[in-house]
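Residues per chain are reported as follows:
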Amino acid sequence: MILSKKDIEVRYAETDQMGIVYHANYVIWMEIGRTALIEELGFRYADMEKNGILSPVLEINAQYKKPVKYGEVASVHTWIEEYDGVRVTYGYEIYNGDGDLSVIGYSKHACVKKENFRPVSMRKYFPTWHEAYLKAKKA
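Cut-offs used in this document
- Residues numbered from 1 in each chain as written.
- Predicted model: local features only at pLDDT ≥ 70, side-chain atom pairs only at ≥ 80, totals over all residues.
- Heavy atoms only, no water.
- 1 Å grid on protein atoms, 1.4 Å probe; cavity = no way out; pocket = protein on both sides within 12 Å on 5 of 7 lines; lining within 4 Å.
- Points joined across faces, edges and corners; volume = space filled by probe spheres on them.
- Nonpolar A, V, L, I, M, F, W, Y, C, P; charged D, E, K, R; others polar.
- Salt bridge = Lys/Arg side-chain N within 4 Å of Asp/Glu carboxyl O.
- Helix = DSSP H or I, 4+ residues; strand = E, 2+ residues; numbered from the N terminus.
- Patch = residues over 30% accessible without salt bridge, like charges linked within 9 Å, V, L, I, M, F, W, Y side chains within 5 Å.
- Areas by Shrake-Rupley, 256 points an atom, 1.4 Å probe, with all protein chains shown as cover.
- Buried < 20%, exposed > 50% of the residue type's maximum accessible area, 1.4 Å probe, protein only.
- Polar contact = N/O pair within 3.5 Å; in protein donor to acceptor, adjacent residues only side chain to side chain.
- Contact = heavy atoms within 4.5 Å.
- Phe/Tyr/Trp six-rings, centres within 6.5 Å; stacked < 30°, edge-to-face > 60°.
- Lys NZ or Arg CZ within 6 Å of the ring centre and 35° of its normal.
- Arc of directions from axis to C-beta.

**Things to note about empty space enclosed by the protein**
1) Next: If you walk through the whole model with that rule in mind, you get one cavity of 30 Å³ or more.
2) Next: Roughly 60 Å³ of volume is contained in the largest cavity.
3) Next: Forming the walls of the largest cavity are I38, Y45, M48, S55, Y83, V86, V88, Y90, C111, M122, W129 and Y133.
4) Next: Residue classes in the lining of the largest cavity are distributed as eleven nonpolar, one polar and no charged.

Structural data, given as structure tokens:
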């Protein structure tokens, strides 16, 4: 399993009146982590989209454990939890500045054609990406 780690400096605009990261920002951080993982594997979402394939979110989940606060550096850990050639589930853990687990989550995605949103096989459209995901996913 490949684990990507991406640090994020918490900006004031990402916090609420209490100085705690507003809950919706964790979903954005998950996207940042997912993009970092894909790039570490040698690929880019933008290249997929140029070829007429999209990867919409089917489901997203976040369980909040401890807050991340303004001035801290959060660490987003991302991995491929499940992959079947069409659908992929990414797992996430976000840690606060003290190294405490703050959020556990996942997002499920499918690969679809841009013009009709019909599912497509990564093996057929992006065979090297498919092979990389098979090798990188959680055992």
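**Digging into the pattern of salt bridges**
Once the charged atoms of two side chains with opposite charge are near each other, the side chains can pair.
1) Next: Tallied over the full model, the rule gives six salt bridges.
2) Next: One salt bridge in this structure joins K138 and E81, with 3.4 Å as the shortest N-O distance. On the criterion of sequence distance, the pair formed by K138 in the segment after α4 (127-136) and E81 in strand β4 (residues 73-83) is long-range, its members being 57 residues apart.

**Some remarks on a nonpolar patch on the surface**
1) Next: On the surface, V27, V57 and I60 cluster together into a nonpolar patch covering about 210 Å² of accessible area.
2) Next: Mapped onto the elements of the fold, V57 is located in strand β3 (residues 57-64).
3) Next: Residue V57 is classed as partly exposed on the basis of its relative accessible area, which comes to 45%.

**Considerations on the side chain of N96**
1) Next: One can find N96 in the loop between β5 (87-95) and β6 (101-110).
2) Next: A distance of 3.4 Å separates the side chain of N96 from the backbone oxygen of P67, its partner in a polar contact.
3) Next: Not counting residues up to four positions away in its chain, the partners in contact with N96 are K66, P67, V68, E72, V73 and S102.

**Thoughts on the environment of V88**
1) Next: In this structure, V88 sits in strand β5.
2) Next: Residue classification places V88 among the buried residues on the basis of a relative accessible area of 5%.

**Observations regarding the packing of aromatic side chains**
1) Next: Scanning all chains against the criterion turns up eight aromatic pairs.
2) Next: Aromatic rings pair up to connect F43, Y83, Y90, F126, W129 and Y133 into one cluster.
3) Next: Residue placement shows R34 over the ring face of Y90; its charged tip is 5.9 Å from the ring centre.

**Brief notes about unusual backbone geometry**
1) Next: For F117, which is not glycine, the phi dihedral falls at a positive 60°.
2) Next: Mapping F117 onto the fold places it in the loop between β7 (112-113) and α3 (122-125).

**Regarding α4**
1) Next: Every buried residue of α4 is accounted for by W129, H130, A132, Y133 and A136. Projected onto a plane normal to the axis of α4, the buried residues spread over an arc of 165° and lie on a single side. Facing away from the buried side of α4 by over 90 degrees, the exposed positions are T128 and K135.
2) Next: Where α4 is buried, its residues meet α1 (24-40), α2 (45-50), β4, β5 and α3.

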